[in-house]
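Residues per chain, in single letters:
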Amino acid sequence: MLIPIAALYVALSVVLVVLAVARKSKVMLAILDGLWWLLAFVSAFFVGWAWIERSYSENWAMLGFIFFSLPIIVTTAVMAVVVIVAAKTRKIEGIRTISISLYLLLLFLAVQAVVGFLAGR
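Worth saying up front: this structure is predicted, and the values here are computed from it rather than measured. (Residues numbered from 1 in each chain as written. Predicted model: local features only at pLDDT ≥ 70, side-chain atom pairs only at ≥ 80, totals over all residues. Heavy atoms only, no water.)

> Explain unusual backbone geometry residue by residue, including any values.
Trans peptide bonds make up the majority, and among non-glycine residues the majority have a negative phi. In the Ramachandran plot, K24 falls in the positive-phi region, its phi being about 55 degrees despite a non-glycine side chain. Take K24: it is sitting in the loop between α1 (2-23) and α2 (26-52). A relative accessible area of 40% means that K24 is categorised as partly exposed. One non-glycine residue, K91, adopts positive backbone phi at about 55 degrees. (Helix = DSSP H or I, 4+ residues; strand = E, 2+ residues; numbered from the N terminus. Buried < 20%, exposed > 50% of the residue type's maximum accessible area, 1.4 Å probe, protein only.)

> Give me the lowdown on the nonpolar core, citing residues and values where you can.
Ranked by internal contacts, the top residues of the largest apolar core, which has 31 residues, are V17, L29, W36, V83, L102 and L105. Contributions of two or more residues to this core are made by α1, α2, α3 (61-89) and α4 (96-119). Sequence-distant contacts of L105, defined by excluding residues within four places in its chain, comprise D33, W36, W37, A40 and T76. (Core = buried A, V, L, I, M, F, W, Y, C linked by side-chain atoms within 4.5 Å. Contact = heavy atoms within 4.5 Å.)

> Please provide a residue-by-residue account of α1, values included.
Under the 1.5 Å per step criterion, the end-to-end length of α1 is 31 Å for 22 residues, consistent within 8% with the ideal 32 Å. Taken together, the buried positions of α1 are occupied by Y9, S13, L16, V17, A20 and V21. One face of α1 carries all of its buried residues, which in axial projection span an arc of 120 degrees. Residues of α1 that are exposed and point more than 90 degrees away from the buried face comprise I3, P4, L8, V18, A22 and R23. Summarising the contacts, the buried residues of α1 are in contact with α2 and α3. At the C-terminal side of α1, K24 shows a positive phi close to 55 degrees. (Expected span 1.5 Å × (residues − 1). Arc of directions from axis to C-beta.)

Listed below in structure tokens is the structure:
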């Protein structure tokens, strides 16, 4: 069940990134950024749950981190870096706010990854 959802997420992200960068559309990039932030907050729920349950010997919450949060973290981080690099090489004007938001998203995802891995120790 997770594989089709993950494939749909990756396909949607790739299509939106390609269209947004090709058209130099700030609106599409802002929509994509908002989608990624929403998914990052959903991912943060599973990371927080794994952190809360870390003291139990059978940490079932780690499955949520491994199978749900980690793919979202990795995919979103890679796509955010691609958008930042593509926006700089294509010289999309007026994208400073979206770039700052993407840098903050990368920081948020990095914190989630660190907390998730520490919860599994």
